[in-house]
Amino acid sequence: MSFSNTGSFPASLVPAQNRLALNTNYLSFDDAAGGGTFAQQYLPELYEAEIERYGNRTIGGFLRMVGAEMPMTSDQVIWSEQNRLHVAYKKATVSVPGALADADIKVVLDLTAAESASGAIRVGQTVLMADNATGLIVQKGLVQAVKQTNKSELEVKLYGTATNALPTTAAGINLYVYGSEFGKGSIGMEGSIEPGFTQYANRPMILKDNFQINGSDTAQIGWVEVATEDGQSGYLWYLKSESETRLRFEDTLEMAMVEAEDMNNTAYTAKSQYQFGGAANAALTTDIEGSEGLFAAIEARGNVYSGFAGAAAPGSGALGDFDEILKNLDKQGAIEENMLFLSRSTALDFDDMIAAVNGGFASTQAASYGLFENDGDMALNFGFSGFRRGSYDFYKTDWKYLNDASLRGLSKEIDGVMIPAGTTTVYDQMLGSNIRRPFLHVRYRASETEDRRMKSWVTGSVGGAYTDTLDAMTVSFLSERCLVTQAANNFVLFKGA
């Protein structure tokens, strides 16, 4: 008797037809071309922990920095904001005087039919009028008469000259009331001004997510050590999956408040969300109405600046753009302290703008020692976290949401946002009094028995939950919230050119 196989390799090393864990078929431990396999006799150096190549991947924290979170017990939050104190109108038209002989011009205010019945300008008041297009041509006049049936029509006597120098084009004039004048023995001012009532509202939106894993996989040990942003660690892979689902949901709570839009699509049909699967694709029983996020609120009621420091050289041009923004803030609430949350490119534009004030920057690209806390023995610091311009203070920071390549970093539409710091006074309908609130804050649904700020619960028959016969663990997440953007006229949204 003799061996039939006398080759140099053991008979056991025969490839199998399938990739099975047999002594004749070894699995690769990296499945990479040119890499080692478990068939080799040497143990590789194994890094058990994942490499955090994207750093901290969460983008939350923006709303916590600028606002607060407060409970609410209704499907809607309503607040009212003060109107301007003084009386002014834009785009009024000028023509020859009407029925009144002792007048030089007739002014027709740009009012709606409802507004014309209660115009705020009265006989005896003095008005300043300026060219709407240039603002340079200015004339002052005394209101001689106001048409009773349509209070948007005024008869005005000019001061100084009877010659009308104001344009009579469709662009018209702007005017405001700066005082009044009456003769001796005349009657008092007729009529009074009732303050206008401006009200805004928003609705909370319901956000949901969940994570599910079967019971067998919860008991399976992996060879990769889990280490997540919220402190989860171990060799159970499902810990990472559950943790990332939670972190992703917490980020969506903030992103939804920033990006939310009202459902204004007229083609949308109520209850048109469908559940797929089963015998019938029945419509859901709730309507989707949307909500007003930060960007939508600023677009509708705030200030939008496009192309900040667009094609200008570093530093030059940006200062002029910024001063234009300051002049607009003067026309609004003139909040002294403001916070800038910017994309990387816009943050660099601001750094260059401030550095350009140092002198010589635009021509030589040189920096001076001893300024901006720099000296010859330290690395130069070209970044600025705060500065003052005019009567305003600004605090600048990068907004990770705008830079993340998997979020707004995919788009160049939004370059940053300017948010006023501090609080504002509003009238609370429920309390019946004025209260102080941050300009930007989140309202979430809550009562004595239910708190929907950030709910999470476990169902199934795994992981300590014994609620049904499903051999799995389901972790559900839910929140119901909306963003309140008060005094949006003080906010500035920076958009790409």
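Everything below is about the structure shown above.
Being a predicted model, the structure only gives us computed values, none of them experimental.

Caption draft 1: Quick look at the sheet that holds strand E4 (residues 105-108). The strand order E3-E4-E7-E6-E5-E8 describes a closed barrel built from 6 strands, whose pairing is antiparallel. Sheet twist, expressed as the mean angle between neighbouring strand axes with direction ignored, is 45°. With 3 bridges connecting them, strand E3 (residues 88-95) and strand E8 (residues 173-180) associate as antiparallel partners. The partner of Tyr89 across the bridge, within E8, is Leu175.

Caption draft 2: Local environment of the environment of Asp393. Counting through the fold element by element, Asp393 comes out in strand E16 (residues 392-398). Overall, the relative accessible area of 15% leaves Asp393 in the buried class. In sequence terms Asp393 and Ile335 are 58 residues apart; their C-alpha atoms lie 9.2 Å from each other. In this view, Asp393 contacts Glu336, Glu337, Asn338, Phe387 and Arg388; residues no more than four positions away in its chain are not counted. Of note is the side chain of Asp393, whose polar atom sits 2.8 Å from the side chain of Arg388.

Caption draft 3: Expanded view of the side chain of Thr245. You can see Thr245 is positioned in helix H4 (residues 237-259). Look past the residues within four positions of Thr245 in its chain and what remains in contact with it is Asp209, Asn210, Phe211 and Phe477.

Caption draft 4: Up close: the sheet that holds strand E13 (residues 303-306). What the 6 strands build is an open sheet, ordered E13-E23-E17-E14-E16-E15; its pairing is mixed. Every interior strand has two partners, whereas the edge strands, E13 and strand E15 (386-389), have only one. Averaged over all adjacent pairs, the angle separating strand axes in this sheet is 20°, with direction ignored. The pairing of E13 with strand E23 (residues 492-495) spans 4 bridges and is classified as parallel. Note on E23: the bridge partner recorded for Ser306 is Lys495. Taken strand by strand, helix H5 (residues 294-301) contacts E13, strand E17 (414-420) and E23, and its axis lies near 100° from that of E23.

Caption draft 5: Representation of the packing of aromatic side chains in the model. The final tally for this structure, using the stated rule, is 17 aromatic pairs. Their ring planes at 40° and their centres at 6.2 Å tell us that Phe350 and Phe387 sit as a pair that is tilted. Remark: Phe387 occurs in strand E15 and Phe350 occurs in helix H7 (residues 344-356); sequence separation between them is 37 residues. Residues Phe350 and Phe387 agree in their burial class; the two are buried. Within the aromatic cluster, the residues linked to one another by ring pairs are Tyr305, Phe308, Phe322, Phe350, Phe387, Tyr392, Phe394 and Phe494. Sitting over the face of the ring of Tyr200, Arg301 holds its NZ or CZ atom 4.5 Å from the ring centroid. One cation-aromatic arrangement involves Lys455 over Trp457; the distance from NZ or CZ to the ring centre is 5.2 Å.

Caption draft 6: Geometry of the nonpolar core. Core analysis: the biggest nonpolar cluster contains 37 residues, and Phe62, Leu294, Trp399, Ile419 and Leu440 have the highest contact counts within it. In terms of residue count, the dominant contributor to this core is H4 (8 residues). Setting aside its immediate chain neighbours within four residues, Ile419 contacts Phe62, Val66, Leu294, Asn338, Met339, Phe341, Leu440 and Phe491. Within the second largest apolar cluster, 22 residues are counted, among which are Tyr305, Ile325, Leu340 and Phe387.

Caption draft 7: The arrangement of H7 in detail. The terminal C-alpha atoms of H7 lie 18 Å apart, and with 13 residues this matches the ideal 18 Å at 1.5 Å per residue to within 8%. Regarding H7, the residues found buried are Thr346, Ala347, Phe350, Asp351, Met353, Ile354 and Ala355.

Caption draft 8: Representation of the pattern of salt bridges in the model. Applying the stated criterion to the full structure yields 24 salt bridges. Across the salt bridge formed by Glu336 and Arg388, the nearest N and O atoms sit 3.6 Å from each other. In this pair, Glu336 is assigned in the loop between helix H6 (318-331) and strand E14 (337-342) and Arg388 in strand E15, connecting sequence segments 52 residues apart. Residue class for Glu336 comes out partly exposed when judged on its relative accessible area of 43%.

Conventions we followed
Residues numbered from 1 in each chain as written. Predicted model: local features only at pLDDT ≥ 70, side-chain atom pairs only at ≥ 80, totals over all residues. Heavy atoms only, no water. Pairing = 2+ DSSP bridges. Helix = DSSP H or I, 4+ residues; strand = E, 2+ residues; numbered from the N terminus. Axes fitted to C-alpha atoms, helices over the stretch in contact; angles between N-to-C directions. Buried < 20%, exposed > 50% of the residue type's maximum accessible area, 1.4 Å probe, protein only. Contact = heavy atoms within 4.5 Å. Polar contact = N/O pair within 3.5 Å; in protein donor to acceptor, adjacent residues only side chain to side chain. Phe/Tyr/Trp six-rings, centres within 6.5 Å; stacked < 30°, edge-to-face > 60°. Lys NZ or Arg CZ within 6 Å of the ring centre and 35° of its normal. Core = buried A, V, L, I, M, F, W, Y, C linked by side-chain atoms within 4.5 Å. Expected span 1.5 Å × (residues − 1). Salt bridge = Lys/Arg side-chain N within 4 Å of Asp/Glu carboxyl O.

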